[in-house]
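Descriptive analysis of the structure
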Amino acid sequence: MDRYEVKSRKKPVDWVVEVPGSKSITNRALLIAALAKQKVRLTGVQFSDDSGYFLQALQDLGFQITVSKENHQVIVEGLGGVLPQREGEVYVGSAGTAARFLTAMLGVSDGTYIIRASEQMEKRPMEALFRALSELGCKVEWLKEPWHLPVRLHGAGEIIRAMDGPAVLHLDISKSTQFLSAFLLTAPMFPNGLQIVIDSSKKDGSYIRITRQMMEDFGVDVCFDGKAYLIGEETFYDRKEYRIEPDVSAACYFYAAAAVTGGRAKVRDVYGSSMQGDLKFLEVLKKMGCTAKETPDGICLTGPEGGKIHGVSVNMNDFSDQALTLAAIAPFADTPVWISGIAHIRGQESDRIQAICLNLRAAGIRCEEYTDGVTIYPGEPSACHIRTFEDHRVAMAFAVTGLRTEGIVIENPMCCRKTFADYFTVLDKLCDDPGEDDGEALL
């Protein structure tokens, strides 16, 4: 499918949706399971391009893995922090989590490994991660551009094990908190403990809290004193089964659809107790005039009558994956929408701030671009083609704009395979009007 024309709505949505498991939690769980001291069964697994690259990389390193896509299940034979092979080559595609997490794991191992990536991933920031690995004693050979993938790593495992006390490294996480999560997750590979000193002004974040919560779920405690993270000696992951939450990031597109059409959307098994930071987007939607209610089978969000949402000013630094979603519905607000704190999204799959402005202007919407954000003014979008820049979130977010605007065409829609391969299939099923209510679309 080269392009997808969104089916605009004549009436409010009334949807019940089931979304895949969280990509962020899936890839963290895969790494934890590989480093666990026994077999781990993961359920609710997301099978997208990103998780596929992660799974394949672990298999290429020699890990024994059993996959059941129909049951959303993966079984990993953990080896207690030891890698099955002392040399090898992996390909991480465009998966940021795979690139950062596997680079850290291989960099603190005993082996020599080559890590290759897509052209898109080769451009994304990695310098802070490589500097920290070098500080630990890992030798890094650049195969193309310095401080970027692809690389050959000569792991620092022997040096780390010979240390008298905790390994200490300094880390800047201003461009990506994945750098910190990567090292935290490798804790069982530091027998004498690990101290990570954060040099950047940003020292915590929602995805770091997910990492810490999951590590604790598997029996490894992480202490944070406001400046540094500390993991004690002789830690190991000890859990045999783990259930992965539904992807709140994916759920938010359907909640946004309810907001701009004045309808209702319930996403199954998404609850207020979720550890995912994107749940904060529901609080933004409430400020815009929506109401949300937690039901036994998931949160149901109802938009204001006629989709008459209000403008907001919001710092989205801690849930920046939803900046595109908010931007996509912002033209329908009654006052301007100001999004700030998102400078780092310029270095993700695309320059997302630039993608927001380019596509909104193509639709005839006035917006002002800043280094760390954007202001979007009210207006009636016109028909246009949405340039996705191979970025899944651009494709999925602007599909919501098309629910209230005829003629919105998403170019290269299947870039959504990165995290939600069936997104446009689900959207089609929901938009095919079977009667009084739209009904359900389940994966």
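This structure is a prediction, so every number in the text was calculated from the model and none was measured.

In this section: the overall build of the chain. If you tally the helices and strands in the chain, you get 14 helices and 24 strands. Against the 2.2 N^0.38 benchmark of 22 Å for 443 residues, the chain shows a C-alpha radius of gyration of 22 Å, consistent with a compact globule. For the chain, the C-alpha atoms occupy an extent of roughly 65 × 40 × 40 Å along the three principal directions. Going through the 443 residues of the chain one by one, you find that 60% of them count as buried. The long-range fraction of contacts in the chain, counting pairs at least 24 apart against all pairs at least 6 apart in sequence, stands at 73%. A total of about 17000 Å² of accessible surface is found on the chain, and carbon and sulfur atoms cover 46% of it.

What the rule picks out here adds up to zero disulfides. Counting only cysteine sulfurs, Cys290 is the nearest neighbor of Cys300, a cysteine outside any disulfide, at a range of 11 Å. Residue Cys300 is classed as buried on the basis of its relative accessible area, which comes to 16%. Counting only cysteine sulfurs, Cys416 is the nearest neighbor of Cys415, a cysteine outside any disulfide, at a range of 6.4 Å.

With that settled, consider the packing of helix H1 (residues 23-35) against helix H8 (residues 206-217). Running from N to C, H1 and H8 point in directions that differ by 40°, and their axes come no closer than 11 Å. Between H1 and H8, the crossing angle belongs to the class labelled oblique. When the axes of H1 and H8 are compared, the crossing they make is right-handed. Facing Ser24, Ile25, Arg28, Ala29 and Ile32 of H1, the residues of H8 in contact are Tyr207, Ile210, Thr211, Met214 and Met215. Along the lines of polarity and charge, the residues of the contact of H1 with H8 split into seven nonpolar, two polar and one charged.

Rules used throughout
- Residues numbered from 1 in each chain as written.
- Predicted model: local features only at pLDDT ≥ 70, side-chain atom pairs only at ≥ 80, totals over all residues.
- Heavy atoms only, no water.
- Helix = DSSP H or I, 4+ residues; strand = E, 2+ residues; numbered from the N terminus.
- Rg over C-alpha atoms; globule rule 2.2 N^0.38 Å.
- Buried < 20%, exposed > 50% of the residue type's maximum accessible area, 1.4 Å probe, protein only.
- Contact = heavy atoms within 4.5 Å.
- Areas by Shrake-Rupley, 256 points an atom, 1.4 Å probe, with all protein chains shown as cover.
- Disulfide = S-S within 2.5 Å.
- Axes fitted to C-alpha atoms, helices over the stretch in contact; angles between N-to-C directions.
- Parallel < 35°, antiparallel > 145°, perpendicular 65-115°, else oblique.
- Left-handed = near helix turned anticlockwise from the far one by under 90°.
- Nonpolar A, V, L, I, M, F, W, Y, C, P; charged D, E, K, R; others polar.

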